[in-house]
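Single-letter residue listing:
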4 protein chains.
Amino acid sequence: MGIRVGVAGASGYAGGELLRLLAGHPEFDLVTATAHSQAGSPVGAVHPHLTGLGLTLGSTTADAFEDVDLVFLALPHGQSAALATQLPETVKIVDIGADFRLADGDAWQRYYGGEHAGTWTYGLPELPGQRERIAASTRVANTGCYAVTTILALAPLIAAGVADPEDVVVVASSGTSGAGRAAKTHLLASEVMGSLSTYKTGRHQHVPEIKQATGAKSLSFTPVLAPMPRGILATVTAKALTGDDPRETLAEAYANDPFVHVLETGRWPQTASVSGSNSVHLQATVDVDSGRIIAVSASDNLGKGAAGQAVQNANLMFGLPETTGLQIYGVAP
Amino acid sequence: MGIRVGVAGASGYAGGELLRLLAGHPEFDLVTATAHSQAGSPVGAVHPHLTGLGLTLGSTTADAFEDVDLVFLALPHGQSAALATQLPETVKIVDIGADFRLADGDAWQRYYGGEHAGTWTYGLPELPGQRERIAASTRVANTGCYAVTTILALAPLIAAGVADPEDVVVVASSGTSGAGRAAKTHLLASEVMGSLSTYKTGRHQHVPEIKQATGAKSLSFTPVLAPMPRGILATVTAKALTGDDPRETLAEAYANDPFVHVLETGRWPQTASVSGSNSVHLQATVDVDSGRIIAVSASDNLGKGAAGQAVQNANLMFGLPETTGLQIYGVAP
Amino acid sequence: MGIRVGVAGASGYAGGELLRLLAGHPEFDLVTATAHSQAGSPVGAVHPHLTGLGLTLGSTTADAFEDVDLVFLALPHGQSAALATQLPETVKIVDIGADFRLADGDAWQRYYGGEHAGTWTYGLPELPGQRERIAASTRVANTGCYAVTTILALAPLIAAGVADPEDVVVVASSGTSGAGRAAKTHLLASEVMGSLSTYKTGRHQHVPEIKQATGAKSLSFTPVLAPMPRGILATVTAKALTGDDPRETLAEAYANDPFVHVLETGRWPQTASVSGSNSVHLQATVDVDSGRIIAVSASDNLGKGAAGQAVQNANLMFGLPETTGLQIYGVAP
Amino acid sequence: MGIRVGVAGASGYAGGELLRLLAGHPEFDLVTATAHSQAGSPVGAVHPHLTGLGLTLGSTTADAFEDVDLVFLALPHGQSAALATQLPETVKIVDIGADFRLADGDAWQRYYGGEHAGTWTYGLPELPGQRERIAASTRVANTGCYAVTTILALAPLIAAGVADPEDVVVVASSGTSGAGRAAKTHLLASEVMGSLSTYKTGRHQHVPEIKQATGAKSLSFTPVLAPMPRGILATVTAKALTGDDPRETLAEAYANDPFVHVLETGRWPQTASVSGSNSVHLQATVDVDSGRIIAVSASDNLGKGAAGQAVQNANLMFGLPETTGLQIYGVAP
């Protein structure tokens, strides 16, 4: 008898990816999945790639999760608390939304608006000591997609005193699934294919999350919408404080992490390499002109950036091997 | 102790997909992979998405496969026989190339040129009786990517007397990985993105293979190169011989096949839905103007069209459950 | 003093392309452009590529076109008649919508529904004698995008007795701009990129238009949505009635047409080659297996398929050289 | 009788774009175009979108340009000088290559290697006073594609004392045509579509060119290869030295430039908006967290980044209106 699992908010892209991963997970039994306007639809009608899954979406109410051991919340920002407070303490929860990520209520207000719901264990196992904290938690706040991609490249460099936390500049490009599944004109294929554009320029909500997890003091973060369905490529630059090779710092930091791969010198991350997987590829060098460190990070925004990370956290929360049901290798080309 | 497996021709796209599938297969142990000009390179340098696999490509010689139970051949057309004849009869072989697919040596000559190497068991388990023949074989010729996508839509319609084999017209579009990994100008991203074009118009080499497997007597087949990395969408039309609903004919034919999904009425196949999986999605209707049957089929050219199919065949050859190590659900969006 | 021109329905993709072409037209002065929900917006806010045009969208009412010599209607199907009947007879009109294309009111009812508005001169100058009829008209119904792409490949073959009108099979793939600019989930970039799918399978509304213009008696037409913003590639097959080379038939038919290019033998059309232009590229051969004629046609659905064609028609209606303000050469890569 | 023009190196993407622009230019008569391995081919066989142009590529020798008034060089880096020195002084030359862009021979050696050919007038008319210098020159070195996109966003901010030249960080993404037309595996459609990756990370050759034209003292520049055929999006960040609105600084600087558009506040550049045109779209703001200026710039790498810019320069050199034969509006969607 496996661990009984439910997904709240299963009609979006992160929810769909969760269903896909759970369908192949050997220990988690997907028993219920819910949605809002799509309640009542077979999963295959909402997510054609899950044709054959044989599950119908229910309504997102606490009742739907009465009989489960684990709930993944993939709800719009601001809606997690209302459901979470109705679930018994014995049910473990991973929230893919942003509601419980920030320790600083003021930062929440400034970037998200609305009331701050609270702070849960931050679900990034590769941070020092965090794997253990997650394993001991019943409530975990999953990382933001841009945040995790940036943090993995930056955190060890600041922690090791190699990169200056006072002047970090990040430009990160994301595939369109990161913008969600709501039908909006600027996300139409006709508008996006063949085009690149920045958005939320100079005021993205992942800034406080990145600062909290890395110790960066000043962060210029620019997100770019890229013509591809999945993937994030983050270019993270910071002043070098030492003469150390930043690649070595990263390689040491992640020597024992199954999902973080620091590439051989000379090879640089490509998002296609991690597509469909839970892996992150990293590389770093020092700019010959400015002397700044340039660290580059590639992730799948629906994998390590959302659903894969959530399953990794849940594995830890249930004492399972961290890689259970997750892919190391991306689907390419 | 698992079944020891080797891959000959592991540097191309089909070879890379084989490595990816084998890395996650619970019964097959990937012990050797070979290449031609890339021999000596770590797998991750050739296939960045397989970073971490910890295998170095050897040279494609018979010696490299001395100690294995199963060999997948992913060599250029015309090169399989030279290696296959050097391998002992006890080693099971699945050839992803075209060399052993056709029973008709003249058709081989006409479409491929060169000497006809022979005929092996045709590796399409969903054809009637074929699953058993494959299970009893030590040599299996995998299907062509366009061929399998077309055959699965067409064969049951002709077999049931629903579609006229005398006038079949197929237009099938493929992602670029179907054209291989050799550096050619017309396959550059700049040339392909934002563009569609036909090629080998009126003379594609999968025609005799489709006719052999379906009983079609006359086949007009036009392949189209599409701006996406993976996937085939085949539109198969034929005169209706009866008033039967072609969807029902397909649904009955594949009621027990785990990888072939006849969609609910009103839903039509999309290639993204099967990307990275071994599944094929099918739908069919009757054209209101011409009365022709239109059957549409979507596959992943590297999955059911190549490496996935090969693993499915190998599973059968070793008495394993057909779905072992394969995905039912595609990676989408 | 130039010819004063207005565009009704300027916020969609066809409307935007009209504005772009008119901005560069040496004889037509764009003086008014209207929209529905976007009325009041500067053109550059609605069509960012037209930043600098210095025009604000008005409301689509007859008053807006009081003072113009020429009106292009780019309205949703069924809305052209209401505006057209309010405009004086002296104002020349090209309707990009479908309302006035069909001579057969029953066919209109069957494929479009609603009342048939009437029949205007069919705006395809390359049809025999049609250039003169357009020049003599004050009301012209522009062609459908799939229709013109198919008709140009098929009409001369049927007219010359080379292709059998009784069994025509067409599969045509279009970029997403052909599906319009309304925000719909299935047109999101995340859903379309990396994917191909058929739609309106077996019942597309351009069927009667193609039959009317070509004399085809039976037509199986399947449209495919392709992951690119612009372009249509049509594969048109029909039984050969003679031993003639179909390429020659096409080359003779279009020897004097500036926008229709029959490619050299061995070269096949690519949609990128005509992107942004008013040109159509054609090629044809005979299938070696079935003996069917395969004619392939590439157009820009917003160019020759909509706005470019409309300008070409208007040029003729005003006695201007047909190519005025239009591009022969596409923007590639 | 127009101005007689030749293009050396017409088989690549920049060369093809030059031919396309010249075919529509009212004053320049394209009389000769040359290539290396493609010499002898009709233009339409090399550039299918130029089918109908009726020109055959000659060999790239000085003889080919004997009788022309203006030559565009679109040769590989390092090959311009050999041809240029053989052409009479009376022939005006615009070099699209990098050979004559840098004043600093050491910087040339460091980034390009080989002997420094010399320094020509820098062909960026929007720099203060540069329009006049170009008009007075017979030899002009066209800008690099990344360089012009970055310089237009950065130069006025440094010149006005608004941005700190000591700590400039640029991340710029380019479509694949910027990488040229040579057949290389990493530029295959299969490798690029659905993927983003950095390259030449920390050591791109446009760094000295950007510094020379803007006065930047320290420049971290990271180029990204994006899955689209054309377009560059540059994100340029620098410390703010004043409280000025950087958008205003840009708007003032380009108030009279026909091709540079500073967008309305709230709108951000998209590459599709300038595709096929000679325009650049700009916007700027101040990051709320770091206080850094973020300026974003979009260009067409083959337009303002190469061929369009070259024609603009040539227009000036011949006393023509700067916009002759060039497009203000991009082809979108």
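A quick note: this is a predicted structure, and the numbers were derived from the prediction, not measured.

So, on to empty space enclosed by the protein. In total, this model carries 10 cavities of 30 Å³ or more according to the counting rule given. For the largest cavity, the calculated volume is near 890 Å³. Met193 and Pro227 of chain A, Pro227 of chain B, Pro227 of chain C together with Pro227 of chain D are, among the 41 residues lining the largest cavity, the residues nearest its centre. When the residues that make up the lining of the largest cavity are grouped by side-chain class, the tally is 28 nonpolar, 9 polar and 4 charged.

What follows covers the interface of chain C and chain A. Chain C puts 18 residues into the contact, and the matching count from chain A is 18 residues. The junction of chain C with chain A conceals about 1,500 Å² of combined surface from both sides, 60% of it contributed by carbon and sulfur atoms. Broken down residue by residue, the surface that chain C buries against chain A is led by Leu188, Ser190 and Met193 of chain C, which jointly contribute 37%. The salt bridge partner of Arg181 of chain C is Glu191 of chain A, with a shortest N-O separation of 3.0 Å.

The relative placement of two packed helices is expressed as an angle between their axes plus a distance between the axes. All names here are of chain B. Viewed as axis vectors pointing N to C, helix 6 (residues 145-159) and helix 9 (residues 246-253) meet at an angle of 100°, and their least axial separation amounts to 9 Å. Accordingly, the angle class assigned to the pair helix 6 and helix 9 is roughly perpendicular. Packed against helix 6, whose contacting residues are Leu152, Ala153, Pro156 and Leu157, the element helix 9 presents Pro246, Thr249, Leu250 and Ala253 at the interface. The residue inventory of the contact of helix 6 with helix 9, partitioned by class, reads 7 nonpolar, 1 polar and no charged.

Next up on the list: the relation of the copies chain C and chain A. The relation between the two chain copies is a rotation about an axis coupled with a shift along that axis. The two copies are related by a screw operation: chain C maps onto chain A through 180° of rotation and 0.0 Å of translation along the axis, at an RMSD of 0.0 Å. The symmetry that links the two subunits is that of a two-fold axis. Minimal C-alpha separation from the rotation axis in chain C is found for Ala189 of chain C, amounting to 1.8 Å. Interface residue correspondence from chain C to chain A reaches 100%, placing this contact among same-surface, isologous pairings.

Right, let's talk about the side chain of Thr34 of chain A for a bit. Residue and element names in this part refer to chain A. Tracing the backbone through its elements, the reader meets Thr34 in strand 2 (residues 28-35). Taking the relative accessible area as the measure of exposure, Thr34 reaches 0% and is therefore buried. Beyond its immediate chain neighbours, meaning those up to four positions away, Thr34 contacts Val7, Ala8, Gly9, Ala10, Leu57, Gly58, Ser59, Thr60, Ala64 and Phe65.

Next up on the list: the interface of chain C and chain B. Listed as interface residues are 46 residues of chain C and, on the opposing side, 46 residues of chain B. Seen at the junction of chain C and chain B, the total is 4 salt bridges. The salt bridge partner of Asp167 of chain B is Arg292 of chain C, with a shortest N-O separation of 2.8 Å. The interface formed by chain C and chain B contains 14 residue pairs in polar contact (both at pLDDT 80 or more). Listed by contribution, the elements that provide at least two residues to the side of chain C that touches chain B are strand 8 (168-174), helix 7 (189-192), strand 9 (197-198), helix 8 (207-214), strand 10 (219-225), strand 11 (232-239) and strand 14 (292-299) of chain C. For the side of chain C that touches chain B, the element with the highest residue contribution is strand 10 of chain C, accounting for 5 residues. Broken down by class, the residue content of the side of chain C that touches chain B amounts to 19 nonpolar, 17 polar and 10 charged.

Rules of the game
Residues numbered from 1 in each chain as written. Chains lettered and ligands numbered in written order. Predicted model: local features only at pLDDT ≥ 70, side-chain atom pairs only at ≥ 80, totals over all residues. Heavy atoms only, no water. 1 Å grid on protein atoms, 1.4 Å probe; cavity = no way out; pocket = protein on both sides within 12 Å on 5 of 7 lines; lining within 4 Å. Points joined across faces, edges and corners; volume = space filled by probe spheres on them. Nonpolar A, V, L, I, M, F, W, Y, C, P; charged D, E, K, R; others polar. Contact = heavy atoms within 4.5 Å. Buried area = accessible area lost by both parts, 1.4 Å probe. Salt bridge = Lys/Arg side-chain N within 4 Å of Asp/Glu carboxyl O. Axes fitted to C-alpha atoms, helices over the stretch in contact; angles between N-to-C directions. Helix = DSSP H or I, 4+ residues; strand = E, 2+ residues; numbered from the N terminus. Parallel < 35°, antiparallel > 145°, perpendicular 65-115°, else oblique. Least-squares fit on C-alpha atoms with pLDDT ≥ 70 in both. Buried < 20%, exposed > 50% of the residue type's maximum accessible area, 1.4 Å probe, protein only. Polar contact = N/O pair within 3.5 Å; in protein donor to acceptor, adjacent residues only side chain to side chain.

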